[in-house]
Amino acid sequence: MFKSFFLSRRWWPWSLLGSALILFATWYRVQLDVQINEWFGTFYDLLQKALGKPGAIGMDAYWGQLATFLRIAMVYVTIAVVLDFFVKHYIFRWRQAMNEYYMAHWDKLRHIEGAAQRVQEDTMRFAGIMEGLGIDFMRSLMVLFAFVPILATLSGKITELPWFGTIPYSLVWVAIAWALAGTLLLALVGIKLPGLQFQNQRVEAAYRKELVYGEDDPAHATPPVTQRLFGDVRTNYFRLFFHYLYFDVAKWSYIQAGVMVPYIALGPTVVGGVITLGVMQQIVRAFGRVESAFQFLVLSWSTVVELMSVYKRLRAFEQQIQVAAVAPDDAAAVRVG
């Protein structure tokens, strides 16, 4: 899964240089996000001044602020589109590297249940999920490096927190506490999902394999057999749906409650009237960035579950190659589910 792409000299221009380019572009997008956050503070202070005293600002100042945002946004959009295009090629090269490695050992793998699916589908899913999670993880780290100092500075404008009083770097601690609580909550609630996803792919592979055999051999895919295999698929899906039900209740309740957290934290400060509207917008937006960065696992848990399922199947796939290398005569007797 990894060495075929990252340890192969053939793929170094894509795996090493490509990864470096993706990281640089991601860092640059974070810097643009910081500029947009600063713009929000300036713009909302301008709005507050204009609405508080008619004629206090001119149209040139108003249009100038909108032009500034447009310039930053256009650069952001350009970087995002080009990066997404490059990432698609990057993912396919990773898939190609895995595909070539597995097909080079196809004679040792073809007897495994669902072998065709793993080469054709799982390689693409694994590369795509890994790249998506990798970018999100690195972006979360970069956001923390960029926005935590900003949020820490803005915390100096907070008079006190409800129920806790005055705390240094209060907003940073609130973001950490809320993200940690959500991570632990969803990790506990979703503990059964990886195993169910893995089992789901096994029963799907068994059903698909029987249908493929039935295309050429009338002895296969008979009604009793297909009914039994599809029954296994149905049973596992219904179990998965049930466990995702309470997981989604916890996830979406947590996310929606999180919208109110910065406003609750700002309550005494807003009521006291000690900050401007622009500063409030900066705080809320910076808090949201830091909070979402700390919530990487919370926001990505469903994807992590899918990755764990795909990884288990491909890892079992590769173990067969290792068995064949150690004991070629016994390899055919090994069956990996």
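Residues numbered from 1 in each chain as written. Predicted model: local features only at pLDDT ≥ 70, side-chain atom pairs only at ≥ 80, totals over all residues. Heavy atoms only, no water.

Going by the annotation in an unreviewed UniProt entry, the name recorded for the protein chain is Peptide antibiotic transporter SbmA, with Ramlibacter pinisoli given as the source organism.

K.L.:
An account of the nonpolar core is requested, with residue identities and associated values reported.
P.N.:
Counting 33 residues, the largest nonpolar core has Ile-22, Trp-94, Phe-126, Leu-193 and Phe-247 as the members making the most contacts within it. For this core, the elements supplying multiple residues, two or more each, are helix H2 (12–52), helix H3 (59–104), helix H5 (115–155), helix H6 (170–189), helix H7 (193–216), helix H8 (223–265) and helix H11 (296–326). Per-element accounting of this core gives the leading share, nine residues, to H3. Every residue in contact with Phe-247, bar those within four places of it in the chain, is listed here: Leu-186, Val-189, Gly-190, Leu-193, Trp-301 and Ser-302. With 27 residues, the next largest nonpolar core counts Val-34, Leu-154, Ala-286 and Ala-293 among its residues. (Core = buried A, V, L, I, M, F, W, Y, C linked by side-chain atoms within 4.5 Å. Buried < 20%, exposed > 50% of the residue type's maximum accessible area, 1.4 Å probe, protein only. Helix = DSSP H or I, 4+ residues; strand = E, 2+ residues; numbered from the N terminus. Contact = heavy atoms within 4.5 Å.)

K.L.:
Help me get a handle on the packing of H2 against H3, residues and values and all.
P.N.:
Remark: H2 packs on H3, axes separated minimally by 9 Å, with the N-to-C direction vectors making an angle of 160°. In terms of axis orientation, H2 runs roughly antiparallel to H3. Judged by the sense of rotation from one axis to the other, the crossing of H2 with H3 is left-handed. Tallied by class, the residues present in the contact of H2 with H3 amount to 24 nonpolar, nine polar and two charged. (Axes fitted to C-alpha atoms, helices over the stretch in contact; angles between N-to-C directions. Parallel < 35°, antiparallel > 145°, perpendicular 65-115°, else oblique. Left-handed = near helix turned anticlockwise from the far one by under 90°. Nonpolar A, V, L, I, M, F, W, Y, C, P; charged D, E, K, R; others polar.)

K.L.:
Could you give an account of the side chain of Gln-65, naming the residues involved and the relevant values?
P.N.:
Mapping Gln-65 onto the fold places it in helix H3. A relative accessible area of 18% means that Gln-65 is categorised as buried. Residue contacts for Gln-65: discarding those within four places in its chain leaves Trp-39, Thr-42, Phe-43 and Leu-46.

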